[in-house]
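A look at the structure
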Amino acid sequence: MTGRSSLLSVRDLSVTFPGGRTRPAARPVGGLSFDLRAGEILALAGESGAGKSLTARALVGMAPPDARVTGSVRIHDAEVLPGTGGPAGRKAFAGLWGRRISLIPQDSLSVLSPVHPVGDQLAAAARSVNRLGRRAARAAAVAALDRVGIADAARRARAYPHEFSGGMRQRAVIAMATVNEPDLVVADEPTTALDPESQDQVLGVLGSLRETSGTALLLISHDLPAVRRHADRVLVLYAGRLVESGPVGTVLSRPRAPYTAGLLASLPPDEPVTDRRLPVIHGAPPSPEELATLTGCAFAARCPLTDARCRSHTPEPAAVAGTAGHDDPAHHVVACHRHQDVPATARDLFREESSA
């Protein structure tokens, strides 16, 4: 991906919720910086509650109304985040939706109306962005369905969502998000509730869009095997903070952050195991309220390598020895004081428990 300018550039993105009489202020996303280039697939990975979905919604102007989003979000080098010198409010994103950026939400199967044919809904999405006549919008809808691999797209466009299988409905939602061929698609857990075969098919469809239209994909997922198969780079989040990022083959084969190693260690092995339990990361992430005043590494309470420095100083992202600086998205970056002590085998860091 070297040599391409950034399509999306994010710097110091934070999401804060104000406190009230019964609750303290909360900061579930804090200080994220990353780049996404045209035609690239970048995965945001981490366990539930890591801040992945909130980050995605903040990037596209759909954070909750009471959230305060700060930092910088630039699309094609134009600032779009309100309060940072660019156009303010949701109007900043209005001209981007559909044409430049689109979102596949986590509950994407509820996107489709049950009382209108699928093709009519896609045609309406096309007309909302482009000044198309009914016939041209219909043709764009059929083309979008065909592009995501729905056979006999012209006939299927006349069908209703309940006449589609789960995998086909998911493809139809992807077609709706890409009917105007946007530069960037943000896909928030797009394979939720699908079987493994359908998951791979859907992610394969998303990946093929960069070949047909140069679309970049920001993939939100907790499924590391799927990330390994379909993404170019991965950014691992913990408690709304970056802990590790870099090429998928590097990060997921030789993690340098204990949290990443723990996620990988907890995956079921290829061969069945009957004499021991899978390794686990004990404890729970800090709450958003705790993060607002946290000192030190957010993972310190659960990390087997924690020392006094981890509890007192927040680690900053830095390039792993032998790579370029953390501003280069092609290189391996980690935010951990003890990254040099992480063993080459992820399971060696977390104790396997006996099943007896």
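Here's a quick rundown of the structure.

Criteria and cut-off values
- Residues numbered from 1 in each chain as written.
- Predicted model: local features only at pLDDT ≥ 70, side-chain atom pairs only at ≥ 80, totals over all residues.
- Heavy atoms only, no water.
- Helix = DSSP H or I, 4+ residues; strand = E, 2+ residues; numbered from the N terminus.
- Contact = heavy atoms within 4.5 Å.
- Core = buried A, V, L, I, M, F, W, Y, C linked by side-chain atoms within 4.5 Å.
- Buried < 20%, exposed > 50% of the residue type's maximum accessible area, 1.4 Å probe, protein only.
- Salt bridge = Lys/Arg side-chain N within 4 Å of Asp/Glu carboxyl O.

**Observations regarding the environment of glycine 246**
The residue glycine 246 is located in strand E10 (residues 241–247) in this model. Along the sequence, glycine 246 and aspartate 232 sit 14 residues apart, while their C-alpha atoms lie 8.7 Å from each other. Beyond its immediate stretch of four places on either side in the chain, glycine 246 contacts Arg233, Val234, Val251, His331 and His332.

**Here we look at the nonpolar core**
Counting residues in hydrophobic clusters, the biggest one holds 69 residues, and the most contacted among them are Ile104, Leu122, Leu145, Ile174, Leu206, Val234 and Tyr259. The element that contributes the greatest number of residues to this core is helix H6 (residues 166–178), accounting for 7 residues. Dropping the residues within four chain positions of it, leucine 122 is found in contact with Ala141, Ala144, Leu145, Ala172, Ala175, Met176 and Val179. Judged by nonpolar contacts, the second largest core, of 38 residues, contains Val15, Leu32, Val80 and Ile220.

**A look at the pattern of salt bridges**
For the structure shown, the criterion picks out 14 salt bridges. Between arginine 210 and glutamate 211 there is a salt bridge; the shortest N-O distance is 3.9 Å. On the accessibility criterion, arginine 210 (24% relative accessible area) is partly exposed. In this structure glutamate 211 comes out as exposed when scored by relative accessible area, which is 64%. The structure contains a network of salt bridges with shared partners spanning Arg74, Asp77 and Glu79.

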